[in-house]
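A closer look at the structure
One-letter residues, chain by chain:
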Amino acid sequence: KGELFLWGRNNYGQIGSPSIIDHRTPQKLEGHKDFVAIEGGYWHTLGLKKDGTVWSWGHNFYGELGNGTREHSSWPTEVVQMEGNQVSVLKNVIQIASVGYHTLALKKDGSVWGWGTNNFNELGQKGDEVQKYAIKIESIPPMKEVAVGWHHSVALDINGNIWVWGSDPAFQFQE
């Protein structure tokens, strides 16, 4: 069925409950099913559905919902992509990875799309602009797996090579 049950902190609606109160017991996310994967960011939640669409809810000050706004939402909103000047629903996603305030999505064609904060170039884009739409990372070959840390991103390409971009935590904390 792909139903979701969420509980815990709900200060920004990250468990999908219209009342912004914390819940100690699992709460069923009403009106949505067919989820095949779920990820939790710092104060937001993302779900990948069987049809390849991505849904997000909770905190959105840093564009981490990828819905084209920076407004918080206690209800799932669909992630949209920006390609050129065209905005459309993000589709054909097979994997999502999210931690902190940014997310990566891997599509069937091997392309990687990212949104949210980009303070450390964790979205593979120059500059530190908040990305409120999913944007394609152009500088990498087709990938088969993605992962993220707080300020960096990692991907495994179709030839088995590992790609890492964003902050280097080891370098930041050297004495």
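**Section: the overall build of the protein chain**
A count of helices and strands for the protein chain gives one helix and 15 strands. A compact globule built from 175 residues would reach a C-alpha radius of gyration of about 16 Å, and the protein chain, at 16 Å, matches this within 12%. For the C-alpha atoms alone, the extent of the protein chain along its principal axes is close to 40 × 40 × 30 Å. Residue pairs in contact within the protein chain that sit at least 24 positions apart in sequence constitute 42% of those at least 6 positions apart. Split by element, the accessible area of the protein chain, about 9,300 Å² in all, is 51% carbon and sulfur. Once the 15 positive and 19 negative side-chain charges of the protein chain are each reduced to a mean point, those two points are 8 Å apart.

**Focus on the pairing of strand β13 (residues 143-148)**
When β13 meets strand β14 (residues 152-157), the two strands line up antiparallel, connected through five bridges. Across the sheet, residue V146 finds its bridge partner in β14, namely A155. Linking β13 back to β14 in an antiparallel pair, the connection comprises three residues.

**Details of the sheet that holds strand β3 (residues 35-40)**
Sheet architecture is open: four strands sit in the order β3-β4-β5-β6, paired in antiparallel fashion. The outermost strands of the open sheet, each flanked by one partner alone, are β3 and β6 (73-78). Mean inter-strand twist for the sheet, computed between neighbouring axes without regard to direction, equals 20°. Bridge count for strand β4 (residues 44-49) against strand β5 (residues 54-58) is five bridges, and the pairing is antiparallel. Counterpart to L48 in the pairing with β5 is V54.

**A look at the confidence of the model for the protein chain**
Confidence along the protein chain averages 92 in pLDDT terms, with 95% of residues attaining 70 or more. Counting interchain partners and residues more than four positions distant, the pLDDT-below-50 stretch residues 171-175 has two contacts.

Conventions used here
Residues numbered from 1 in each chain as written. Predicted model: local features only at pLDDT ≥ 70, side-chain atom pairs only at ≥ 80, totals over all residues. Heavy atoms only, no water. Helix = DSSP H or I, 4+ residues; strand = E, 2+ residues; numbered from the N terminus. Rg over C-alpha atoms; globule rule 2.2 N^0.38 Å. Contact = heavy atoms within 4.5 Å. Areas by Shrake-Rupley, 256 points an atom, 1.4 Å probe, with all protein chains shown as cover. Lys, Arg positive; Asp, Glu negative; His and termini not counted. Charge placed at Lys NZ, Arg CZ, Asp CG, Glu CD. Pairing = 2+ DSSP bridges. Axes fitted to C-alpha atoms, helices over the stretch in contact; angles between N-to-C directions. pLDDT = per-residue confidence, 0-100.

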